[in-house]
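# Structure assessment
Below, each chain spelled out in residue letters.
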Amino acid sequence: TFTAALRATAALGDPKTSEALYREMVKKGLVPPPEVYEPLARAYALSADVDGVYDVLGRMKRQGLRPAAKLYQCAIIALGKNGEEAMAVRCFNAVVKEGLDVTAQLVADTVQACHDPAAAEDVLLRAEGYGVPLCIRLYNSVLQIYLRNLSDLLPPPITPSRGRQSPEQAACRAAKGAPPLVPPKPPRPRRQPPAGATAEGTRAAGVAFARGIPVAKNVVTYNLLMKLHGLVGDLAAVLRTYKLAVDAEGVTPTVHTYGALMAAVTAKTRKHPAAPEQDREVQLAELAYRQALRAARGTGLVNLQLKLAELYAAAARPDALQAFIAGLAEEDRKHRHRRRPRRPLHPMFEEYLDMARQAQAPLSEKEESR
């Protein structure tokens, strides 16, 4: 019973409840079996509590139990969340040294904990020597490191403040004891880029790594490549990658494929706000949005809508964004059903609308001066 409850709380990443269940089990005089420690350690790992994971490992050793590879895997996850790459690789080495099973998931977690692509590639080469088949998912994990490093090299995008709401809404929800309408989500911590690293160099290294992948690429690989090109606003490279994936490789585009295309148009619009081909590129993003809606099948619609709203804000088109918001409200009114109450409009739409109006003002002043 306690083991099942611990597994349920571990999935939520709630170490306090998991620890309370463990102490209650010990208080009743029950000897904790080995399978109890893995969900307890996972709860600490999901909350990025490295000390908690190490404490669970110490309890097992004091009880005379040998920690399984999954316990070290939890430590690797927690270390990766805290940015301790060297310690995560040491945990991987400990698994190998103690003769435990090296699984593909253990290798994937170790690669995702790395910040240096060279260190991640070294883990892959060693894992292949231990008999782990290198699938495309592992290579995509290394490609994600290049993407994160490139994102850290670029200035953070100008986005609305998440969670802003009107004073009336805040007072009403506070009186009811309800949480904020949109809880503020802390941004991913930006890492210090290595000395001499450049955005173009990081992108080129990621593309070269992707070309050298020895197994068949999937749609995730091409989505990551499109994001690599899109972060620097290279829309032409994004379109070439899309054409290669769809026409040459026969890959079926997903919502993330179209989302990467829309993000690339937004990045190029921010980079070149008055480009003569902007109208055509905005139309391309609108087409990608419509295709993404077909691929989404009712899931992730808000994220797609916000991507298009962000593009209208970057292109200084408040009228188009206002019409888009009105269309969303009308569509929701038409398809409203008794069992599905009307959903409130996401507060970020209004913030993007303010950004579009502010961006339009300098452009109109330039036109008047001309």
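A short tour of the structure in this document, coming up. Quantities reported herein were computed from a predicted structural model and do not represent experimental measurements.

Inspection of the entire model under this criterion finds seven aromatic pairs. For the ring pair Y146 and F209, a centre distance of 5.9 Å and an interplane angle of 35 degrees mean the geometry is tilted. In this pair, Y146 is assigned in helix α9 (residues 136–153) and F209 in helix α11 (residues 199–211), connecting sequence segments 63 residues apart. Taken as a pair, Y146 and F209 share a single burial class, namely buried.

The next subject is α11. Counted at 1.5 Å a residue, the expected span for α11 with its 13 residues is 18 Å, and the 19 Å between its end C-alpha atoms agrees. Where α11 is buried, its residues meet α8 (117–129), α9, α12 (219–231) and α13 (235–248). Here α11 starts with a cap whose side-chain oxygen sits 3.1 Å from the backbone nitrogen of G201, and that cap is T198.

Quick look at the nonpolar core now. V53, V107, V111 and L124 are the most contacted members of the largest nonpolar core, which has 66 residues in total. In this view, L124 contacts V107, V111, L134, L138, Y139 and V142; residues no more than four positions away in its chain are not counted. Of all hydrophobic cores here, the second largest spans 32 residues; its members include V282, A309, F324 and I325.

A word on the packing of helix α16 (residues 301–314) against helix α17 (residues 318–334). Geometrically, a packed helix pair is captured by the angle between its two axes and the distance between the axes. In the contact formed by α16 and α17, the axes pass within 9 Å of each other and the chain directions differ by 160 degrees. One element, α16, and the other, α17, form an angle in the roughly antiparallel class. Handedness of the crossing formed by α16 with α17: left-handed. The residues of α17 that touch α16, namely those facing Q305, L308, A309 and Y312, are A320, L321, F324 and L328. Residue composition of the contact of α16 with α17, grouped by class: seven nonpolar, one polar and no charged.

Once that is clear, we can look at the environment of V89. On the secondary structure map, V89 appears in helix α6 (residues 85–97). V89 sits in the buried class, given a relative accessible area of 18%.

A few words now on unusual backbone geometry. The phi torsion at A48 lies on the positive side, around 60 degrees, for a residue other than glycine. With respect to the secondary-structure elements, A48 resides in the loop between α3 (37–46) and α4 (50–62). Positive phi is not limited to glycine here, since A316 has a value of about 55 degrees. Secondary-structure assignment places A316 in the loop between α16 and α17. The buried category is assigned to A316, whose relative accessible area is 10%.

Here the focus is empty space enclosed by the protein. The tally for this structure, following the rule as stated, stands at one cavity of 30 Å³ or more. Of the pockets and cavities examined, the largest cavity occupies roughly 50 Å³. What lines the largest cavity is simply V219, Y222, N223, M226, Y242, A245, V246, V251, T252, P253 and T257. Mapped onto the lining of the largest cavity, the elements with two or more residues apiece are α12 and α13. Tallying contributions element by element places α12 first for the lining of the largest cavity, with four residues.

Criteria and cut-off values
Residues numbered from 1 in each chain as written. Predicted model: local features only at pLDDT ≥ 70, side-chain atom pairs only at ≥ 80, totals over all residues. Heavy atoms only, no water. Phe/Tyr/Trp six-rings, centres within 6.5 Å; stacked < 30°, edge-to-face > 60°. Helix = DSSP H or I, 4+ residues; strand = E, 2+ residues; numbered from the N terminus. Buried < 20%, exposed > 50% of the residue type's maximum accessible area, 1.4 Å probe, protein only. Expected span 1.5 Å × (residues − 1). Contact = heavy atoms within 4.5 Å. Polar contact = N/O pair within 3.5 Å; in protein donor to acceptor, adjacent residues only side chain to side chain. Core = buried A, V, L, I, M, F, W, Y, C linked by side-chain atoms within 4.5 Å. Axes fitted to C-alpha atoms, helices over the stretch in contact; angles between N-to-C directions. Parallel < 35°, antiparallel > 145°, perpendicular 65-115°, else oblique. Left-handed = near helix turned anticlockwise from the far one by under 90°. Nonpolar A, V, L, I, M, F, W, Y, C, P; charged D, E, K, R; others polar. 1 Å grid on protein atoms, 1.4 Å probe; cavity = no way out; pocket = protein on both sides within 12 Å on 5 of 7 lines; lining within 4 Å. Points joined across faces, edges and corners; volume = space filled by probe spheres on them.

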